[in-house]
Amino acid sequence: EAVVSTQSTGKAGVMVQNFFMFMKFLAIGLLVILGAIYMGKGKTENIKSGFEGTNKDYAGWSDAVLSSLWAYNGWTSINVIASEVKNPKKNLPLALITTGVLVTFSYMIINLSYHALLSPEQLKNSTSIAVLAGETFFADYGDEWVFFGRYFFAASVALSTFGALLSMILAFSRLPHVGTMEHMLPSVLGLVSRESKTPVTSLMFLGFTSMCCVWPGNITDLIIYVGFLSWIFWGMCFAAVIVLRIKRPEMERPFQVPLVIPVIAILTSLYLILGSIYAAPLKSGIWVLASLIAVPVYYGYVDKERSCDRWSSALTQRLLAYFDAGTAA
């Protein structure tokens, strides 16, 4: 059973997520074993190179940090579905701490294995490091084993990506839905299927915006700059923890963190945001401007006349009938 179970996720969904998680850790475990065997044979030339040729432009490191932090983004998914977590006072910190430690440890040992199997140049130029690592190890055992290494790890990467996608869909489809509940977005985004209990129009909106983002085709830039924008908003969330702790000390808090944690998080956010602007001011500015498109939409809905309701109400009624759905509470 999952550490965190939600009211809207059935047993089948949990089984699917557990399957993808198992396959992901199976591939990680195998790669770690291959790296250990490789080093055991005395092939340590890649490890011995250490940090030679490291770029010492500390401000420019932010892009690399943003890319690697994507591996730790599961904590955002847990926070988004916190209202659906059973016994959040116990399970939320348990999930955050356990998965944080597990992902950090896994990330460290898998990178050690990659650095043992591959040279810095191969790591820099490869489009699929896991596949190349498998091919490199099995090269000494014949073409059949190279074939196995190539396709086993290619399938593992695909399954891992699909599993991560399922988790993100589960979590982030809640954001537009909750926005309608808080009267901050048009009601058309808050329709819930009576049969499946899923936020159907929120999922459609998420799918459409995702397609728009991947259309340019550069996934590396997408990860970096979506991470850049995310850390702007996360930084404001971290600051809100401190502000609310001072202004609303009486507020009920089922889960409370020491203030030193949001302070560290704010400093990290500032480094990542300012570093990205320093490294690529034009691209960073474009992404910030793109996000500002939401401002007129937001104020067009929350203003006193609710001008966006004029077009969204009719559409909402049509979709209610089409999807056999109900509106957000």
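Residues numbered from 1 in each chain as written. Predicted model: local features only at pLDDT ≥ 70, side-chain atom pairs only at ≥ 80, totals over all residues. Heavy atoms only, no water.

As for the nonpolar core
Nonpolar side chains tend to gather and get buried jointly when the protein is soluble and globular. For clarity, the threshold we go by: Here the nonpolar core consists of buried residues drawn from Ala, Val, Leu, Ile, Met, Phe, Trp, Tyr and Cys, with membership extended through side-chain atoms lying within 4.5 Å. Three labels apply to residues, based on accessible area from a 1.4 Å probe with only protein chains included: buried if under 20% of the type maximum, exposed if over 50%, partly exposed otherwise in between. Helix numbering and strand numbering both begin at the N terminus, where a helix is a DSSP run of H or I of at least 4 residues and a strand a DSSP run of E of at least 2. In what follows, residue pairs with any heavy atoms lying within 4.5 Å of each other are defined as contacts.
One finds Leu31, Tyr114, Leu117, Ala133, Phe137, Phe138 and Phe153 to be the most contacted residues of the largest nonpolar core, which totals 16 residues. Within the residue set of this core, elements represented by two or more residues are helix H1 (11-40), helix H5 (88-117), helix H7 (129-138) and helix H8 (143-172). In terms of residues, this core owes the most to one element, H7, which gives five residues. Contact partners of Tyr114, with chain neighbours within four places excluded, come to Leu31, Leu123, Ile129, Ala130 and Ala133. Formed by twelve residues, the second largest nonpolar core is a distinct cluster that contains Ile224, Phe228, Leu229 and Ala265.

Topic: the packing of H8 against helix H9 (residues 174-181)
A pair of packed helices can be characterised by two numbers: the angle between their axes and the separation between those axes. Where we set the bar: Axis lines are fitted to C-alpha atoms, over the contacting stretch for helices. Their N-to-C directions set the angle, which ranges from 0 to 180 degrees. In these notes the angle categories are as follows: under 35 degrees is roughly parallel, over 145 is roughly antiparallel, 65 to 115 is roughly perpendicular, and the rest is oblique. In the scheme used here, Gly and all other residues not listed as nonpolar or charged are polar, with Ala, Val, Leu, Ile, Met, Phe, Trp, Tyr, Cys and Pro taken as nonpolar and Asp, Glu, Lys and Arg as charged.
At their nearest, the axes of H8 and H9 sit 5 Å apart, and the two run at 0° to each other. Judged by the inter-axis angle, H8 sits roughly parallel to H9. Between H8, through Leu170, Ala171 and Phe172, and H9, the contact on the second element is made entirely by Arg174, Leu175 and Pro176. Partitioning the contact of H8 with H9 into residue classes produces five nonpolar, no polar and one charged.

With respect to the environment of Arg253
Inspection of the secondary structure puts Arg253 in the loop between helix H11 (219-247) and helix H12 (260-279). Separated by 164 residues in sequence, Arg253 and Lys89 have C-alpha atoms that sit 8.9 Å apart.

Thoughts on the confidence of the model for the protein
Should pLDDT be low for a region, the predicted coordinates there are not to be read in detail. Heads up, the condition is: pLDDT runs from 0 to 100 and stands for how confident the predictor is about each residue.
Averaged over all residues, the pLDDT of the protein is 79; the fraction at 70 or higher stands at 84%. When mean pLDDT is compared element by element in the protein, H7 scores highest at 91, while strand S2 (residues 325-326) scores lowest at 50. When the criterion is pLDDT under 50, residues 1-9 qualifies, and its contacts beyond four places in sequence or with other chains add up to 17 contacts.

Thoughts on H7
What counts, and what does not: By definition, the arc is the one covered by directions from the helix axis to the C-beta atoms.
Among the residues of H7, those classed as buried are Ala130, Val131, Ala133, Gly134, Phe137 and Phe138. Relative to the axis of H7, the buried residues are bounded by an arc of 160° and lie together on one face.

Overview of the environment of Ile232
Topologically, Ile232 is positioned in helix H11. In sequence terms Ile232 and Leu272 are 40 residues apart; their C-alpha atoms lie 8.9 Å from each other. Setting aside residues no more than four positions away along its own chain, Ile232 makes contact with Ile273 and Val288.

Points about the side chain of Ser106
This is how the line gets drawn: Any pair of nitrogen or oxygen atoms within 3.5 Å is treated as a polar contact; in protein, a donor-acceptor pairing is required on top of that, and neighbouring residues in sequence qualify only through side-chain atoms on both sides.
Structurally, Ser106 is set in helix H5. From its side chain, Ser106 meets the backbone oxygen of Leu102 in a polar contact 2.8 Å long. For Ser106, the contacting residues outside a window of four places in its chain are Phe25 and Ile28.

Structural notes on the pattern of salt bridges
Working definition: two side chains of opposite charge can pair if their charged atoms are close together. Which entries qualify depends on this criterion: Salt bridges are defined as contacts in which a side-chain nitrogen from Lys or Arg sits within 4 Å of a carboxyl oxygen from Asp or Glu.
Applying the stated rule across the entire model yields three salt bridges. Two residues, Glu135 and Arg150, come together in a salt bridge whose shortest N-O distance is 2.6 Å. Placement of the pair is Glu135 in helix H7 and Arg150 in helix H8, with a sequence separation of 15 residues. Across the pair Arg248 and Glu250 runs a salt bridge whose closest N-O atoms are separated by 3.0 Å. Residue Glu250 is classed as exposed on the basis of its relative accessible area, which comes to 56%.

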